[in-house]
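Listed below, chain by chain, are the residues.
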Amino acid sequence: MKTEINGETGTIGIIGGNIKKSLSPLLHNELLKYYSLNNCYLPFQISENQIKVIVEWIRALNIKEMNVTAPFKEKIISFMDNIEESAFRVGAMNTVINKNGILWGYNTDLEGFKRSLQVEGKMDIKGKNAIVLGAGGAARAIIYALCEENTKEISIFNRTLDKAKKIQKEYRAFFPNCLLQIFSLEDRIMQDKINHADFLINTTSLGSYPNIDLNPLPENIIIPDYIMAYDLIYNPAKTLFLRKAEKEGAKIMNGGLMLAYQAVESFSLWTGIEPSQKVINKLIRKMNEEIISVN
Ligand code: NAP
């Protein structure tokens, strides 16, 4: 169908600190086109001191949906009028929904991550051991999802130990039976933990544009072939971390599916439309073509 910007076109979009390679505009504009919704989804690169004014704009311009990406997923929470329960517990959000001038914060990364595991080989994380590299906004959703799915042991490795400590303290209250351990990214115990893990998940931004030469793993780490290495980064499609894991025989997965499913979830929250699996598959194909063409 044809799309035209006219006097009634609504603006929605995404804010983030480094979003030039984001594929959210592609996904959301495809959905808008598919459902003939007269809206345009735009990327807005902002800095931290602009969050307040951007939130005022969302209200003033009656922007119905705004996604939020790194590094603002935690900071923006305090600017919301209401926070949906799980986003509040996660302590990070990625979607603002404007309901008649009242701004609600949601976290659709949670659902996006869970659905990506179900879709890709029906991976069950119940009773398994997981390593999470990173303790930022995205890590919070991943760790929360792992706890909800009854992962046996979760080891968090992060450069800033205090951030991991905060997650451990907060989540222990919600999930007393989940074993959450925290370490610094350089801790020598990492190899031992990896040897006993089923999942190794990178939630740091190391390896994404423009830092594609970086790897969150120390060079001497060996990744066993029985591990599932998951990188939340989707662009480039294979980060250094994933290339190393693949070379060592591990199964690998990038953040493309998670991105697609969290986008669909955000779209549904705003529109009430639940795209069919056929539509979602089409969206994923389109996204993969774009990822391949930019790499
Ligand atoms: P964030 O809140 O800014 O957190 C960034 C994380 O990376 C923190 O753990 C940070 O450690 C670590 N980090 C950054 N630079 C580092 C460095 N030089 N050395 C060591 N650690 C470093 O960002 P986020 O929202 O969590 O997003 C993280 C990544 O996940 C981004 O690449 C984002 O695009 C991706 N993501 C993908 C999806 C998806 O749907 N596929 C969804 C969400 C996020 P410190 O705590 O020490 O600063």
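Position labels on residues start from 1 in each chain and follow its written sequence. In keeping with the predicted nature of the model, local features appear solely for residues at pLDDT of at least 70, side-chain atom pairs appear and are counted solely at 80 or more, and the whole-chain, interface and lining totals rest on all residues. Only hydrogens and water are removed before side-chain values are computed, so all heavy atoms of the structure are retained for them.

Novice: I'm lost on the pattern of salt bridges in this one. Help?
Specialist: Think of a salt bridge as a Lys or Arg side-chain nitrogen and an Asp or Glu carboxyl oxygen that are within 4 Å of each other. All chains considered together, the criterion is met by 16 salt bridges. Here lysine 75 and glutamate 48 are joined by a salt bridge, their closest N and O atoms 3.6 Å apart. Of the two residues, lysine 75 is situated in the loop between strand E3 (65–68) and strand E4 (82–83) and glutamate 48 in the loop between strand E2 (39–45) and helix H2 (51–60); the sequence distance between them amounts to 27 residues. A relative accessible area of 36% means that lysine 75 is categorised as partly exposed. When accessible area is computed with a 1.4 Å probe and restricted to protein chains, residues below 20% of their type maximum are described as buried, those above 50% as exposed, and intermediate ones as partly exposed. Glutamate 48 sits in the partly exposed class, given a relative accessible area of 46%. A salt bridge links aspartate 162 to lysine 165, with the shortest nitrogen-to-oxygen separation between them at 4.0 Å. A run of H or I in DSSP counts as a helix once it spans at least four residues, and a run of E counts as a strand once it spans at least two, with each numbered from the N terminus.

Novice: Looking at this structure, how should I read the environment of threonine 95?
Specialist: Mapped onto the secondary structure, threonine 95 falls in strand E5 (residues 95–99). Among the residues examined, threonine 95 registers a relative accessible area of 0% and is labelled buried. With 27 residues separating them along the chain, threonine 95 and valine 68 place their C-alpha atoms 5.9 Å apart. When checking whether two residues touch, look at their non-hydrogen atoms; a contact exists if any pair is within 4.5 Å. For threonine 95, the contacting residues outside a window of four places in its chain are Glu65, Met66, Asn67, Trp104, Gly105, Tyr106, Thr108 and Ser266. At 3.2 Å, the side chain of threonine 95 forms a polar contact with the side chain of asparagine 67. Polar contacts, as counted here, are pairs of nitrogen or oxygen atoms within 3.5 Å of one another; within protein the pair requires one atom able to donate a hydrogen and one able to accept it, and residues that are adjacent in sequence qualify only if both atoms are side-chain atoms. Side chain to side chain, threonine 95 and serine 266 meet in a polar contact 2.8 Å long.

Novice: Where do I start with the packing of aromatic side chains in this structure?
Specialist: Aromatic ring pairs: the centre-centre distance and the angle between the two ring planes describe each pair. Ring pairs shown here join Phe, Tyr and Trp side chains whose ring centres sit within 6.5 Å, with only the six-membered ring taken for Trp; geometry is labelled stacked below 30 degrees between planes, edge-to-face above 60, and tilted in between. All told, the structure shown has 11 aromatic pairs when counted by the stated rule. Ring geometry for phenylalanine 113 versus tyrosine 230: centroids 5.4 Å apart, planes at 50 degrees, classification tilted. With phenylalanine 113 in helix H4 (residues 109–119) and tyrosine 230 in strand E11 (residues 228–231), this residue pair connects regions lying 117 residues apart in the sequence. Each member of the pair phenylalanine 113 and tyrosine 230 is classed as buried. Taking the centre distance of 6.4 Å and the plane angle of 70 degrees together, the rings of tyrosine 144 and phenylalanine 174 count as edge-to-face. Note that tyrosine 144 is positioned in helix H5 (residues 137–148) and phenylalanine 174 in helix H6 (residues 161–174), a separation of 30 residues in sequence. Overall, the relative accessible area of 3% leaves tyrosine 144 in the buried class. For phenylalanine 174, a relative accessible area of 30% corresponds to the partly exposed category. Two limits define a charge over a ring: the Lys NZ or Arg CZ must be within 6 Å of the ring centre, and within 35 degrees of the ring normal. Positioned above the aromatic ring of tyrosine 209 is the side chain of lysine 21, whose terminal nitrogen or guanidinium carbon lies 4.4 Å from the ring centre. We note arginine 89 situated over the ring of phenylalanine 174; from NZ or CZ to the ring centre the distance is 4.3 Å.

Novice: Quick question: what am I supposed to make of the site of the ligand here?
Specialist: Any residue with a heavy atom positioned within 4 Å of a molecule or strand is treated as near that molecule or strand. Around the ligand lies a shell of 27 residues, among which Ala138, Asn158, Thr160, Leu232 and Gly255 are the nearest. Residue glycine 137 places a main-chain N or O atom 2.9 Å away from an oxygen atom belonging to the ligand. The side chain of arginine 159 places a nitrogen or oxygen atom 2.9 Å from an oxygen atom of the ligand. With residues, only the protein chains shown are counted as cover, and all accessible areas are computed by Shrake-Rupley using a 1.4 Å probe. Burial of the ligand by the protein amounts to 84% of the accessible area it has alone, namely 930 Å². Elements that contribute at least two residues to the shell around the ligand include exactly H5 and helix H9 (256–271). Among the elements that line the shell around the ligand, the one with the most residues is H9, at 3 residues. Residues are sorted three ways: Asp, Glu, Lys and Arg are charged, Ala, Val, Leu, Ile, Met, Phe, Trp, Tyr, Cys and Pro are nonpolar, and all the rest, Gly among them, are polar. Looking at side-chain class alone, the shell around the ligand contains 11 nonpolar, 11 polar and 5 charged residues. All domain edges in this entry derive from an automatic or database-based domain assignment. Three or more residues apiece are contributed to the shell around the ligand by two domains, here domain 1 (10–107 + 263–293) and domain 2 (111–254).

Novice: I keep staring at the nonpolar core and nothing clicks. Help me out?
Specialist: Here is a general trend for soluble globular proteins: nonpolar side chains tend to be buried in one another's company. Definition of nonpolar core: a set of buried residues of the types Ala, Val, Leu, Ile, Met, Phe, Trp, Tyr and Cys, connected through side-chain atoms within 4.5 Å. Ile76, Phe113, Ile143, Leu146, Ile154 and Ile156 are the most contacted members of the largest nonpolar core, which totals 77 residues. Counting the residues that make up this core, at least three belong to each of domain 1 (10–107 + 263–293) and domain 2 (111–254). Apart from residues no more than four positions distant in its own chain, isoleucine 143 is found in contact with Val132, Ile154, Ile156, Ile167, Tyr171 and Leu180. Listed in part, the 18 residues of the second largest apolar core include Leu133, Met190, Ala197 and Leu200.

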